[in-house]
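One letter stands for each residue in the lines below.
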Amino acid sequence: MRPVLLRGGRVIDPGQGHDAVADVLLVGGAVEAVGSRIAPPDGAEVIDVSGRVVAPGLVDLHVHLREPGREDAETVASGARAAAAGGFTSVCAMPNTDPVTDNQAAVGFIVKQGAAAAAARVYPIGAVSLGQRGERLAEFGELVAAGAVAVSDDGRPVASSHLMRTALEYAATFGIPVADHCEDPALAGGSMHEGVVATRLGLKGIPAAAEEIMVARDVLLAELTGGHVHLCHLSTRGSIDLVRRAKEQQINVTAEATPHHFAVTHEACAGYDTNAKMNPPLREAEDVEAVRRALAEGVLDAVATDHAPHHYEAKEREFDDAPFGVVGLETALGLGITQLVVPGYLTLPGLIERMSTTPARIFHLPGGTLRRGAPADVVVFDPGARWTVEPVRFLSKSRNTPFGGWELQGRVERTIVGGRTVFREGG
Amino acid sequence: MSVDRESVLDAAAVRELLDRLAGDIVRFAGDRAHGLVLVGIQRRGVELAERLAERIAERHGVEIHRGALDITLYRDDLETVGPRPIVGETHIPVDIADREVVIVDDVLYTGRTVRAALNELADFGRPARIGLCVLVDRGGRELPIQPDIVGLQVEAGPGDRVDVLVAERDGRDAVELVHRGGA
Amino acid sequence: MTSPALGKDLLGLESLTAEQIRFILDTAEPFKEVSERAIKKVPTLRGKTIVNLFFEASTRTRISFEFAEKRLSADTVNVVAQGSSVEKGENLVDTARNLEAMRIDMVVIRHPSSGAAAFLAERIRSNVVNAGDGKHEHPTQALLDLLTIRDRVGRVEGVKVCICGDILNSRVARSNIWGLLKLGAEVGVCGPRSLLPRGIEALGVRVFRRIEEAIEWADVLNVLRLQLERMQAGFIPSLREYYRVFGVTRERLARAPRDLVILHPGPMNRGVEIDSQVADGPHSVILHQVTNGIAIRMAVLYLLAGGRPELAEAAKRGGGADA
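On a predicted model such as this, the values are computed, not experimentally measured, just so you know. (Residues numbered from 1 in each chain as written. Chains lettered and ligands numbered in written order. Predicted model: local features only at pLDDT ≥ 70, side-chain atom pairs only at ≥ 80, totals over all residues. Heavy atoms only, no water.)

1. Considering the overall build of chain B
Alright, step 1. Regarding its fold elements, chain B presents four helices and eight strands.
Alright, step 2. Helices and strands appear in chain B in the N-to-C order β-α-β-α-β-β-α-β-β-β-α-β.
Alright, step 3. In terms of its C-alpha atoms, chain B occupies a principal-axis envelope of roughly 50 × 40 × 30 Å.
Alright, step 4. Per-residue burial over chain B gives 51% buried out of 183 residues.
Alright, step 5. Across chain B, the fraction of contacts at a sequence separation of at least 24, relative to all contacts at a separation of at least 6, is 70%.
Alright, step 6. Counting every atom, chain B has about 8,200 Å² of accessible surface; 47% of that belongs to carbon and sulfur. (Helix = DSSP H or I, 4+ residues; strand = E, 2+ residues; numbered from the N terminus. Buried < 20%, exposed > 50% of the residue type's maximum accessible area, 1.4 Å probe, protein only. Contact = heavy atoms within 4.5 Å. Areas by Shrake-Rupley, 256 points an atom, 1.4 Å probe, with all protein chains shown as cover.)

Structure representation (C-alpha cells):
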C-alpha cells in the first residue's frame, strides 16, 4: 500500500490537544507523522486537503447492521460502506440480529463480514443474555475472544436487576462495558413520547420516566458492582441529571446520545410520519436542549447514531404498526456541525471529541487519535459545505430518515481506514 | 362584456299579475280547489306561492295548503355544478295522495327544475293531478314540459337571464331581463 | 352563495375551521327531513359506490353509515376485516391499492390504529371518511353531538360541555374537544387521573377531578362508555368503584343547579358510567343523537362527493337560477 500524505488541512486531534494546519503522513496502515511541511516519501499519494478538516475517523458505538436475518434492510457490507460515507472508520454492531449474536461463531461471522466489506471497521457487540431473552448470561469470555468489544441486549432492556448486576460483575473480568437500552418494560408499549403531541394524535405514549427509572437502576448497579455501564441513546433531561450526579460520585458510567435526539422534537411525529418513530422516542424541546448542553459538558460522552435501517415496506404502515428506528450514519456529522457547532454548543474539536476520541476511549478501541503509531483511520471533511439530504442517494440499503430534504452544513470528502481510502465524495 | 338590465315588470305590474294568477289557479283547480296544495320551488317560488295562497284565501275564500320544495338533491347536474350547493328547506304539510297539487316557480326555462320537482313529489305520494304555474315563461325548453298557468312570456336569448325579484328576499318586486351583450 | 369546500376527505375536526363545521351542521338540517318522509330516499348519490371498511367491530356506526348511504341512493359494500396490518394477511397499503383499482368512489373506514384514515386517504383518490381511527378522531360522532347540543340548547357558543369518562382512549372525546372549542363552547373533562391524557389542559379544556364538580359547572354532559378492558389493564380498580365515584346517577343530577342535557355516544354500560334512569330520563338526548347521526352522515357524504370543478367551469350559465 502506498503511503498517503494529507497536505495542508486543519488537523484536529483532541486527544493530542492538536488543532492547527498541518500535514498528516500515513505509512503502512498507521499514522507516521503529523507536522508542518512533511516531505512525501517515494511513491506516496499526495492529497491536497487545504481548507478541509483532517481528524481521526469517527467512531460509532451503536449501529444495527441487520445481518444475519434482515439483509433486505442492511448488510454488514452495505452498513460499513454507509458508515465510511458518513466519515466513520469504526462502528460497533449491536447483536439483535436473527439469530442473535450470542455465541463465538456468530461474533466471528460479523468479524469476517466486516473484513470482507473493506470499508469502516466493524466491531461486534455480543449479547448480554442468550437469545437476548434476559434469562441466562451469554459466554462473555468466548464472545470477547472472538472479537466482541462490549455486550448489550439493545433492542430491549436487561429487565432483571439480578441479571444486570451479574452481567456488570462478569463483564468487568474482561474489561468490557455492558451497554443497556434503558426502558422500564412495564411502562413500554407506546409508540411515541408521552406528551401533548401524543394526546393530539391519539397515540399511546412512552413516558420519560420509563427511561429514567432504568438509568437510575443501572447507575446504582454500577455503583454496587464497580462495573462499567454504558447507557445507550439517552433522550431525557431527567436521565442526563442522573448521569451527571453519578459522574460527580465517580461511578463508572458512560453515556451516548443520538443525532436525532439533539435535532428534532416529538412535533416531528405530526401527520403520523413513521420516519419519526424510534425508541427512545423524540422528546420535548427542553430535552433536546438538555442533550445538547450535556454533550457540550461531557456528561454525555459520545454521539452514537443508533443507525436502525428498515426496508421501506416495513415503515409504510400505520404508525402503531411500523417498527422503531431511523438510519443515521450518513447524516450524523452534518447534524453535529449544523445543530451543535454552528449554534455554538460545541466547538469543532469538541464535536470530534464526542464523535471520535471519547467513543474510542470508553470502548477501548484502537483509533480516535492521530498519535504516532495509531491506525491510519482518518476522516477529511469540509466543515462549511452546505448540502441537502437526499435519502435516495444513501449508501445504506435503507432510506428511513426524518432528515430527508434538510439542508446541512459539513460534508465528508474522504474516509481512510488503515491507510486506504474507503470513501471518496463524488465517487 | 356589457351588461344591460331592462325592466320588464315593475312592482305594481307584478302584483297585478299575481292577482290574475290567483284567479287562474282557482279556476284550474275547479272542484278540487278546496284540497289544493300549492308547492313553491326554492327559492323564490316559495314566496310567490305564499302570496298566491294569501290572495286565493282573500279574494276567493278558499283556504289552501302551502308547501315548499327544494330540488337540489334531485338535480341532474350535481356532478358538473362544482362545489355542493346549499340545500334549502323542503316541507310538504299534508299527504298529497289523491290531491290537486300546483307547483309554483318564478321562471320556467329548460324545464329541468320542474322535472326534478316532479321526481321529488313522486317520493311523497301520488296526487290526483299536478299542475304547473309560473310567473315567467322564457322558452328554451330542453325537456317536454309545459306550464298550465303562465303570468308572462318573455323573449330571452341564450346569453340572457330573466330575474324575478321578490320583496321578501330582494327588497322589491320586479321582473327584469339582463342582456349579456357583445358576445 | 359559495360553500366552504371540505376537500377530498373528512379525517377529523382538528383540521376544519369553525365555518366548515357550521356548514356541515347546517347542511344536515334538510337531511333530517328526508328521514321523516315515507320514502326515505333521494337520488343524490345514485351510481356512487361506497365501501364501508370496518377493521373494528361496530354495529351502530356501520348501520348508521349504511342507512345514510342508502338514503342517498348510493351502492354500498360492507367489508369487515380483523385487526391491524400485522395480524391480517393483507396490509392497509394493499387494501388501499385494491380499492383504487376497483374505482370505488368513497371509503368509510374504521380502524384500530390512530392515523389509519389519513394513511388511506393519502394513498387513494377516493373520498375517505374517518369513522374512527384508533384513539385519534371520530368526526361524524362529534358532529352529531354538536348538532344535538345545538338542537337542544339553541346554540353551541358559550355552552359549558363536560366530557366524562375514559378521555385517554377516546377518539370521541378528542373530536368533541376540537369541535366544541372551535364553535366557542367551554369544554371540561372529568375522569380518573389515570384515564386523562398528558397535556390535556394545553388543548384548552378544564379538568374536573370529581363528577360532582363537573355537574355543578356544566350545561351539558357527554358521558363516554367505560370499557371493561380498562379495568383489566389496571387503569381503574373496578367498574363498581368507577360507578360509585364517577357514575352519572340520578341522585347526582338531582343536585345539579340546572337541568343538564345528557349525551352518550353509545352503546351504554348501564350501571357503570350512567344510570338507566338518567339514560332513559327527560334530560337524555341519546336517541336524538342517533337520529341526527344519519342526517350528519348524509350531509358529510353529500358534501364530499362533490362535483368536479372543471366540468362546472364548462357548464357555467350566467350565474342566475337555471329553471
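2. What about the sheet that holds strand S14 (residues 253–257) of chain A?
All names here are of chain A.
Alright, step 1. Judged by pairing direction, the sheet is parallel, and its five strands sit side by side in the order S9-S10-S13-S14-S15 without closing on themselves. One side of each edge strand has no neighbouring strand; the edge strands of this open sheet are strand S9 (151–152) and strand S15 (302–303).
Alright, step 2. Two strands pair when backbone bridges link them, and S9 and strand S10 (residues 178–180) are joined in this way by two bridges, in the parallel orientation. The residue of S10 that forms the bridge with valine 151 is valine 178. (Pairing = 2+ DSSP bridges.)

3. Quick look at the interface of chain C and chain A
Alright, step 1. On the chain A side, the residues contacting the 25 residues of chain C number 15 residues.
Alright, step 2. There are three salt bridges connecting chain C and chain A.
Alright, step 3. Note that Glu194(A) and Arg198(C) form a salt bridge whose closest N and O atoms lie 3.6 Å from each other.
Alright, step 4. When residues of the side of chain C that touches chain A are traced back to their parent elements, those giving at least two are helix H3 (92–101), helix H4 (116–121) and helix H6 (171–182) of chain C.
Alright, step 5. For the side of chain C that touches chain A, a count of residues per class yields eleven nonpolar, eight polar and six charged. (Salt bridge = Lys/Arg side-chain N within 4 Å of Asp/Glu carboxyl O. Nonpolar A, V, L, I, M, F, W, Y, C, P; charged D, E, K, R; others polar.)

4. Observations regarding the environment of Pro40(A)
Alright, step 1. By the element assignment, Pro40(A) lies in the loop between strand S3 (30–35) and strand S4 (45–48).
Alright, step 2. Discounting residues that sit within four places of it in the chain, Pro40(A) has contacts with Leu5(A), Arg7(A) and Val46(A).

5. A word on the pairing of strand S1 (residues 4–13) of chain A
All names here are of chain A.
Alright, step 1. Most of S1 is tucked away, with seven of its ten residues classed as buried.
Alright, step 2. Examined bridge by bridge, S1 and strand S2 (residues 18–27) share eight bridges and lie antiparallel to one another. In the strand pairing of S2, valine 4 is matched with leucine 26.
Alright, step 3. Examined bridge by bridge, S1 and S4 share four bridges and lie parallel to one another. Looking at S4, one finds that leucine 6 is bridged to isoleucine 47.
Alright, step 4. Two strands pair when backbone bridges link them, and S1 and strand S5 (residues 53–56) are joined in this way by two bridges, in the parallel orientation. Paired with valine 11 across the strands is valine 54, a residue of S5.

6. Here we look at the layout of surface pockets
Residue and element names in this part refer to chain C.
Alright, step 1. Of the voids in this model, the second largest pocket is the one considered here, and its volume is about 720 Å³.
Alright, step 2. Every element with two or more residues in the lining of the second largest pocket is listed here: helix H2 (59–71), H6 and helix H8 (228–232).
Alright, step 3. Broken down by element, the lining of the second largest pocket gets its largest block of residues, three residues, from H2.
Alright, step 4. Residue composition of the lining of the second largest pocket, by class: six nonpolar, ten polar and nine charged. (1 Å grid on protein atoms, 1.4 Å probe; cavity = no way out; pocket = protein on both sides within 12 Å on 5 of 7 lines; lining within 4 Å. Points joined across faces, edges and corners; volume = space filled by probe spheres on them.)

7. Structural notes on the packing of aromatic side chains
All names here are of chain A.
Alright, step 1. Within the structure shown, the criterion is met by six aromatic pairs over all chains.
Alright, step 2. Considering the side-chain rings of tyrosine 170 and phenylalanine 174, the 5.3 Å spacing of their centres and the 85° angle between planes classify their relative orientation as edge-to-face. In this pair, tyrosine 170 and phenylalanine 174 both sit in helix H4 (residues 161–174), four residues apart, roughly one turn of the helix.
Alright, step 3. Judged by its relative accessible area of 35%, tyrosine 170 falls in the partly exposed class.
Alright, step 4. Residue classification places phenylalanine 174 among the partly exposed residues on the basis of a relative accessible area of 29%. (Phe/Tyr/Trp six-rings, centres within 6.5 Å; stacked < 30°, edge-to-face > 60°.)

8. As for empty space enclosed by the protein
Alright, step 1. Counted by the stated rule, this structure contains three cavities of 30 Å³ or more.
Alright, step 2. In this model, the largest cavity occupies a volume close to 40 Å³.
Alright, step 3. Around the largest cavity, the lining residues are Asp70(B), Leu73(B), Val87(B), Gly88(B), Thr90(B), Glu120(B), Pro30(C), Glu33(C), Val34(C) and Arg37(C).
Alright, step 4. Residue composition of the lining of the largest cavity, grouped by class: four nonpolar, two polar and four charged.

9. Quick notes on helix H9 (residues 285–297) of chain A
All names here are of chain A.
Alright, step 1. The terminal C-alpha atoms of H9, which comprises 13 residues, lie 18 Å apart, in line with the 18 Å expected from a rise of 1.5 Å per residue.
Alright, step 2. Each element contacted by the buried residues of H9 is listed here: helix H7 (237–248), S14, helix H8 (259–263), S15, helix H11 (332–341) and helix H12 (348–362).
Alright, step 3. Residue glycine 298 follows H9 closely and has a positive phi angle near 95°. (Expected span 1.5 Å × (residues − 1).)

10. Describing the pattern of salt bridges
Alright, step 1. In the structure shown here, the tally under the stated rule is 59 salt bridges over all chains.
Alright, step 2. One salt bridge connects Glu169(A) with Arg165(A), and the closest N-O pair in it is separated by 3.3 Å. With a gap of four residues between them, Glu169(A) and Arg165(A) both fall in helix H4, about one helical turn apart.
Alright, step 3. For Glu169(A), a relative accessible area of 33% translates into the label partly exposed.
Alright, step 4. Arg51(B) serves as the salt-bridge partner of Asp173(B), at 2.7 Å between the closest nitrogen and oxygen. Taken as a pair, Asp173(B) in the loop between helix H4 (167–170) and strand S8 (174–181) and Arg51(B) in helix H2 (residues 44–60) lie far apart in primary sequence, 122 residues in all. Both residues of the pair, Asp173(B) and Arg51(B), belong to the buried class.
Alright, step 5. A cluster of three or more residues bridged by salt bridges with shared partners is formed by Arg5(B), Arg161(B), Asp163(B), Arg172(B) and Glu176(B).

11. With respect to the arrangement of the chains
Alright, step 1. Contacts are most numerous between chains B and C, considering all two pairs of chains that are in contact.
Alright, step 2. Regarding chain A and chain B, which are not in contact, the minimum distance between any of their C-alpha atoms is 27 Å.

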